[in-house]
Amino acid sequence: MSRLKGSLSALSSLGLVAALLVNATPASAEAKCEPDKVATKYPTIAGKTLKIGQDGESPPYSFRDPKDFKNLIGLDADLARETFACAGIKIEFVTGGWSGLLPAVIAGQTDMMWDTLYYTPKRAQQADFVTYLTAATGALVAKGNPLNIKSLDDVCGKRATVGLGTVEEASFRELSKKCATDNKKEISLVTYPDMPGGTRLIANDRADVMTTDLNMVNSFIKGNPTAFDRGFMIVSDYKIAVGYTKGNKDLGQAILDGLTVLKESGKMKEIFEKYGVDYSLARANEILTK
C-alpha cells in the first residue's frame, strides 16, 4: 500500500520522473558490519531486541512465507534482517494492520515501522525516518481494463478504492473536487482497511480502480493474471522510509549504516531482484527528522 497522506499535485504533475536524492545525513565513517562492536557504535540499543512493525500482507515488501506462515519475508523484511545482523542487534517482527503500525511506534509500543511507509514533514513531527526507496504508484484494474482507465484524468465518475491513511486517499478526494469543478462526475470513493480487502473490491466488480505501490500492483497481477491488469503508473518523488522512535539517534544511525553497507556490497540490489523490485527506484539513504 502506498503509504501516507499527500497531495494530488505530487502524483499528477511529476509524471514518469525518477528522483534520487543526495544524502542529507551521511553514514558514519564506521559504516561496515561490526556486530561485535555494537556496544561502542550504538550503545543505547546494544543488548536490546528491537520490535519492527509490519503487516505481512503487502507483497513484495512484507508477506507470509508460504513454507512457514509464521515467518515474514519480502523486500522490507529481508532488508531489516540484513541491516540489524550487520549491526549485531536482535529484532522481532510485530504484525498488525498497516494503518496502526506507525501509531504504535509513536506510542512506544514498537521501535520502528519498516513496511512501505512514506516520509512526510507532518509525520516527522512524531517520528524520525531513514529513506531507501523512491515511490511509484500503479493503478490496478480488472482484466482487460474494461473502462479504459489509463491516467488520473480517466478516474472522474469512476469507483476508486484506496487504503486508509494513504497518499491515494487524500489525492482522490482532491481529484474528486477537481472533477466537480470541471463539470465532470465526482469519484465514488471506498476505503479498505487492508490490501486483500482492496483487491477483492476490484475482483468482485465493486470498484473500478485501486491505486497503490507500483511493485505491489505488479505483484497482484503476477499472482492473478486472469483477474487484474495495470491501468497506468506514475513515478513520483515521494520517499519511502523506515519510521522509528523520535530522537533515537543510535537506532537511526544503525539503520543508515546498515543500508549503506548493503548498497555498497551489492546485497541490496540482490534483495531487490529477489522480489522483483526495480533497483533503479533505490534512492540515496538519509536521516530525516523534520
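Provided above is the structure to which this section pertains.
I will try to describe carefully the structure that is included in this document. (Residues numbered from 1 in each chain as written. Predicted model: local features only at pLDDT ≥ 70, side-chain atom pairs only at ≥ 80, totals over all residues. Heavy atoms only, no water.)

### What about the packing of aromatic side chains?
Remark: the centre distance and the inter-plane angle together describe each pair of aromatic rings, the angle taken between the planes. Under the criterion given, the structure shown has six aromatic pairs. Between Phe-272 and Tyr-279, the ring centres sit 5.2 Å apart and the planes meet at 90°, which makes this aromatic pair edge-to-face. A relative accessible area of 0% means that Phe-272 is categorised as buried. Three or more aromatic residues link up through ring pairs in this structure, and these residues are Phe-84, Trp-114 and Tyr-132. (Phe/Tyr/Trp six-rings, centres within 6.5 Å; stacked < 30°, edge-to-face > 60°. Buried < 20%, exposed > 50% of the residue type's maximum accessible area, 1.4 Å probe, protein only.)

### Quick word on unusual backbone geometry
A cis amide bond, omega 10°, links Pro-59 with the succeeding residue Pro-60. Mapped onto the elements, Pro-60 comes out in the loop between strand E2 (57–58) and strand E3 (62–65). At Thr-116, a residue that is not glycine, the phi angle is positive and equals roughly 45°. Its location among the elements puts Thr-116 in strand E6 (residues 112–118). (Helix = DSSP H or I, 4+ residues; strand = E, 2+ residues; numbered from the N terminus.)

### Quick look at the nonpolar core
Of all hydrophobic cores here, the largest spans 55 residues; its most connected members are Leu-75, Leu-79, Phe-84, Ile-89, Met-112, Trp-114 and Ile-255. Among residues more than four places away in sequence, those in contact with Met-112 are Leu-50, Lys-51, Ile-52, Gly-53, Phe-84, Val-105, Val-242, Gly-243, Tyr-244, Leu-251 and Ile-255. Grouped together as the second largest cluster of nonpolar side chains are 15 residues, Cys-156, Ala-160, Phe-172 and Ile-234 included. (Core = buried A, V, L, I, M, F, W, Y, C linked by side-chain atoms within 4.5 Å. Contact = heavy atoms within 4.5 Å.)

### Concerning the packing of helix H3 (residues 75–87) against helix H8 (residues 249–265)
Where H3 contacts H8, the two axes come as close as 8 Å, and the packing angle between them is 105°. As judged from the angle between their axes, H3 and H8 are roughly perpendicular. Counting all contacts with H3, which are made through Leu-79, Glu-82, Thr-83, Phe-84, Cys-86 and Ala-87, the residues of H8 involved are Leu-251, Ala-254, Ile-255, Gly-258, Leu-259, Val-261 and Leu-262. (Axes fitted to C-alpha atoms, helices over the stretch in contact; angles between N-to-C directions. Parallel < 35°, antiparallel > 145°, perpendicular 65-115°, else oblique.)

### A word on the environment of Leu-164
Relative to the elements of secondary structure, Leu-164 occurs in the loop between strand E8 (159–163) and helix H5 (167–181). With residues near it in sequence (within four places) discarded, Leu-164 still touches Trp-98, Ser-99, Glu-169, Thr-191, Tyr-192 and Pro-193.

### So, the pattern of salt bridges
Where charged atoms from two side chains of opposite charge approach closely, those side chains can pair. Scanning the model with the defined rule gives 13 salt bridges in all. Where Asp-78 meets Arg-81, a salt bridge forms, and the shortest distance between an N and an O atom there is 3.6 Å. With Asp-78 and Arg-81 both in helix H3 and three residues apart, this pair spans about one turn of that helix. For Asp-78, a relative accessible area of 13% puts it in the buried group. With a relative accessible area of 28%, Arg-81 lands in the partly exposed category. (Salt bridge = Lys/Arg side-chain N within 4 Å of Asp/Glu carboxyl O.)

### Topic: the state of the cysteines
Where two cysteines share a covalent bond between their sulfur atoms, that bond is called a disulfide. Scanning all chains against the criterion turns up two disulfides. A sulfur-sulfur distance of 2.2 Å marks the disulfide that ties Cys-33 to Cys-86. Given an S-S torsion of about -115°, the disulfide between Cys-33 and Cys-86 has left-handed geometry. Pair noted here: Cys-33 is in the loop between helix H1 (8–12) and helix H2 (38–41) and Cys-86 is in helix H3, with a separation of 53 residues, a long-range link. Take Cys-33: its relative accessible area is 44%, and that puts it in the partly exposed class. In the protein, numbering the disulfide-bonded cysteines from first to last in sequence yields the connectivity 1-2, 3-4. (Disulfide = S-S within 2.5 Å.)

Read these as layout, nothing more, since geometry by itself doesn't imply function.
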